[in-house]
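Structural characterization, general
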Amino acid sequence: MTSLALESVTVRLGQVVALHDVSLTLEAGARLAVVGASGSGKSTLLRAIVGLLRVDAGTISIDDRVVTGPATFVPAHRRQVGYVPQDGALFPHLTVARNIVFGVPDRASRSRLVREMTELVALEPELLARYPHELSGGQQQRVALARALAARPRMIVLDEPFSALDTSLRAQARNAVIQVLEDSGVTAVLVTHDQDEALTFGGAVGVLDRGQLVQAGTPRALFDDPNTPAIAAFFADACFLPAIVAGNVATTAFGQVRVRRQHVTDAGVARIMVRPNQFAVDATSPSPNARVHQVTWAGSSSHVVLRPTNGEEQLTIELSAGDVSALEVGDLVTASVVGTAVAYLPSPAGGDHRAEGLSVVDDQQHPTRSVDLADRSVPAA
Ligand code: ADP
Ligand code: MG
């Protein structure tokens with residue numbers, strides 16, 4: 001059964017198109033993490049699903065029933081969607097126990113539900129009589145989750161549930177929440193600005209960029225076959241090499257590379273994306289193609305900056321400790337690519353790589369991985 005379906009949903013808020021033509025489906029019991037920068041439309045997406053705002057176009061269905069559509073708007077309290085808002089939003093004047101059952105009309109079942117939910121979210125029973133300000137951030141988060149689950153929702157949506165927690169608590173809280181969702185079997189959508197959080201949520205991942213869902217799929221698909229160079233660089237370090245592509249073979253300054261996926265309309269001038277650990281370096285080759293510019297030890301591997309002998313720009317690659325031991329700055333080497341690549345159109349004219357990047361800078365000043373494609377490019381052969 002399809003638990004959630006969005007078809008071409010567009011939401012305008014004032015002058016802003018907060019969601020643009022967003023479509024996605026989620027099977028019952030599945031989990032989806034949507035990642036995007038601040039302002040990319042994450043909260044808007046959840047509020048549209050929950051029924052806290054109307055859409056300008058498109059439909060939203062829950063359990064195959066249209067809840068938002070051109071002629072339909074089922075109000076939030078009749079959607080049975082549990083909502084954990086961005087700030088947790090516990091009622092400060094109610095105890096933990098009363099917070100948990102706040103939305104449960106049947107008084108007779110309340111104490112049993114409190115017991116059940118407390119167990120489900122692994123909350124210590126002695127906390128039930130406390131008030132929210134007497135709890136840690138992680139505990140408050142679990143109470144918010146218990147409250148959302150106590151109403152027996154068909155689906156639960158979580159808005160950046162871990163962003164207020166310390167880094168040390170975050171992984172622990174995340175694992176606890178994932179366990180609860182697993183145990184309860186409820187369909188879940190989580191939004192976050194944190195790539196790693198999205199990848200480890202344990203289901204499909206969607207990337208929201210300025211209101212558009214630019215890609216959705218398994219974490220593996222996003223990593224191996226990113227739709228754009230910006231998505232490639234968003235989830236992990238990426239190297240981009242100018243290339244000439246013919247059929248499924250790319251010719252680069254570092255030799256020929258098989259292309260596993262083409263995002264290029266015409267064969268010809270392109271750039272390919274490979275991961276920094278896809279390089280092999282031969283220091284004894286008679287026809288070197290690069291010079292070692294810098295070697296930085298990083299434990300089990302090392303980061304090696306290469307400059308192709310035919311260009312000025314540089315490329316950071318990653319070599320395992322064994323491969324790097326004999327390398328010194330200034331060495332002439334032959335670098336080659338191991339494995340396959342994804343091909344894209346070349347960088348835009350003028351070399352302003354940033355213009356095509358995801359908007360990943362978060363206005364809450366959370367550190368996010370930068371998408372500085374220029375750092376990792378080498379000039380054409
Ligand atoms: P996120 O949760 O990813 O940070 P939001 O969904 O809150 O993003 O906001 C998406 C976009 O809509 C942003 O550009 C934001 O400034 C804008 N926006 C949000 N709420 C309103 C509103 N009530 N009126 C006008 N614009 C809004
Ligand atoms: Mg938000």
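Bear in mind that the values here come from a model prediction, so they are computed numbers and not experimental data.

Thresholds applied
Residue positions are given per chain, counted from 1 along the sequence in the order it is written. Lettering for chains starts from A, numbering for ligands starts from 1, and both go in the order in which the items are written. With the structure being a predicted model, the display of local features is reserved for residues of pLDDT at least 70 and the display and counting of side-chain atom pairs for 80 or more, all residues being used for whole-chain, interface and lining totals. Each side-chain value is derived from all of the structure's non-hydrogen atoms; neither hydrogens nor water enter the calculation. Only nitrogen, oxygen and sulfur atoms count as donors, using a 2.8 Å cut-off from the metal that widens to 3.2 Å for Na, K and Ca. Water is left out, so coordination shells may look unfilled. Helix and strand assignments follow DSSP, with helices taken as H or I runs no shorter than four residues and strands as E runs no shorter than two, numbered in order from the N terminus. Type-normalised accessible area, obtained with a 1.4 Å probe on protein chains alone, sets the label of each residue: buried when under 20%, exposed when over 50%, and partly exposed for intermediate values. Proximity is defined per residue: any heavy atom of the residue falling within 4 Å of a molecule or strand makes that residue near it. In the analysis that follows, any N or O atom pair within 3.5 Å is treated as a polar contact, provided that within protein one partner can donate a hydrogen and the other can accept it, and provided that, for residues neighboring in sequence, both atoms belong to side chains. Note that accessible areas follow from Shrake-Rupley with a 1.4 Å probe, and for residues the cover is restricted to the protein chains shown. Here the term charged refers only to Asp, Glu, Lys and Arg, the term nonpolar to Ala, Val, Leu, Ile, Met, Phe, Trp, Tyr, Cys and Pro, and the term polar to all other amino acids, Gly among them. Of the grid points, spaced at 1 Å and generated over the protein atoms alone, those admitting a 1.4 Å probe that cannot get out make up cavities, while open sets with protein on both sides within 12 Å along at least five of seven lines make up pockets; any residue with an atom within 4 Å of a point is treated as lining. Grid points are joined across faces, edges and corners, and a volume is the space filled by probe spheres set on the points. Here the rule is simple: two strands pair whenever DSSP picks up at least two bridges between them. Think of each axis as a best-fit line through the C-alpha atoms, taken over the contacting stretch in the case of a helix, with angles from 0 to 180 degrees between the N-to-C directions. Here, nonpolar core refers to any group of buried Ala, Val, Leu, Ile, Met, Phe, Trp, Tyr and Cys residues whose side-chain atoms link them within 4.5 Å. Contact definition: two residues touch when any of their heavy atoms are within 4.5 Å. Throughout, the edges of the domains are those of an automatic or database domain assignment.

**Considering the coordination of the magnesium ion (ligand 2)**
- Of the protein atoms, only S43 (OG) and Q86 (OE1) coordinate the magnesium ion (ligand 2), at distances of 2.1 to 2.8 Å. Taken together, the residues S43 in helix α1 (residues 42-50) and Q86 in the loop between β7 (81-84) and α2 (96-100) connect sequence positions 43 residues apart.
- Classification of S43 by relative accessible area gives partly exposed; the value is 24%.

**Some words on the site of ligand 1**
- With respect to spatial proximity, the complete set of residues near ligand 1 consists of L13, V16, A18, A37, S38, G39, S40, G41, K42, S43 and T44.
- The backbone of G39 places a nitrogen or oxygen atom 2.6 Å from an oxygen atom of ligand 1.
- Alone, ligand 1 offers 560 Å² of accessible surface; in the complex the protein occludes 59% of this.
- When contributions to the shell around ligand 1 are tallied by element, the ones reaching two or more residues are β2 (16-27) and α1.
- Per-element accounting of the shell around ligand 1 gives the leading share, 3 residues, to α1.
- The residue makeup of the shell around ligand 1, split by class, is 4 nonpolar, 6 polar and 1 charged.

**A word on the layout of surface pockets**
- For the largest pocket, the calculated volume is near 460 Å³.
- Forming the boundary of the largest pocket are 20 residues, of which A76, V81, G82, Y83 and A151 lie nearest the centre.
- Residue composition of the lining of the largest pocket, grouped by class: 14 nonpolar, 4 polar and 2 charged.

**Some words on the sheet that holds strand β15 (residues 268-274)**
- The mixed closed barrel is built from 5 strands, whose spatial order is β12-β13-β14-β21-β15. Neighbouring strand axes in the sheet, compared pairwise and without regard to direction, differ in orientation by 50° on average.
- With 3 bridges connecting them, β15 and strand β21 (residues 340-344) associate as antiparallel partners. Bridge assignment links R271 to a residue of β21, and that residue is Y344.

**A word on the nonpolar core**
- Membership of the largest hydrophobic core comes to 44 residues, with the highest contact counts inside it found for I100, L145, I156, L158, L181, F201 and F235.
- Ranked by residue count, the leading element in this core is helix α4 (residues 137-150), at 7 residues.
- The contacts of L181, once residues within four sequence positions are left out, are R31, I156, L158, V186, A188 and F201.

**Observations regarding the domain arrangement of the chain**
- For the chain, the domain assignment lists domain 1 (2-80 + 153-226 + 368-376) and domain 2 (239-354).
- Computed over C-alpha atoms, the centres of domain 1 and domain 2 are 35 Å apart.

**Concerning the side chain of D225**
- Examined against the element boundaries, D225 turns out to sit in the loop between α7 (219-224) and α8 (229-235).
- We classify D225 as buried; its relative accessible area is 18%.
- A distance of 3.0 Å separates a polar atom in the side chain of D225 from a polar atom in the side chain of R261.
- Reaching out from D225, the side chain makes a polar contact with the side chain of H263 at a distance of 3.0 Å.
- If near-sequence neighbours (up to four positions away) are discounted, D225 is found in contact with Q215, R220, R261, H263 and V342.

**Let's talk about the environment of L306**
- Examined against the element boundaries, L306 turns out to sit in strand β18 (residues 301-308).
- The buried category is assigned to L306, whose relative accessible area is 0%.
- L306 sits 250 residues away from D56 along the chain, and the two C-alpha atoms are 51 Å apart.
- For L306, the residues in contact, after removing those within four places along its chain, are A290, R291, V292, E313, Q314, L315, I317, V333 and A335.

**Brief notes about the sheet that holds β18**
- Pairing in this open sheet of 5 strands is antiparallel, and the strands run β16-β20-β17-β18-β19 from one edge to the other. Either end of the sheet is taken by a strand with one partner, and the two such strands are β16 (279-282) and β19 (315-320). Within this sheet the neighbouring strands show an average axis-to-axis angle of 40°, counted without direction.

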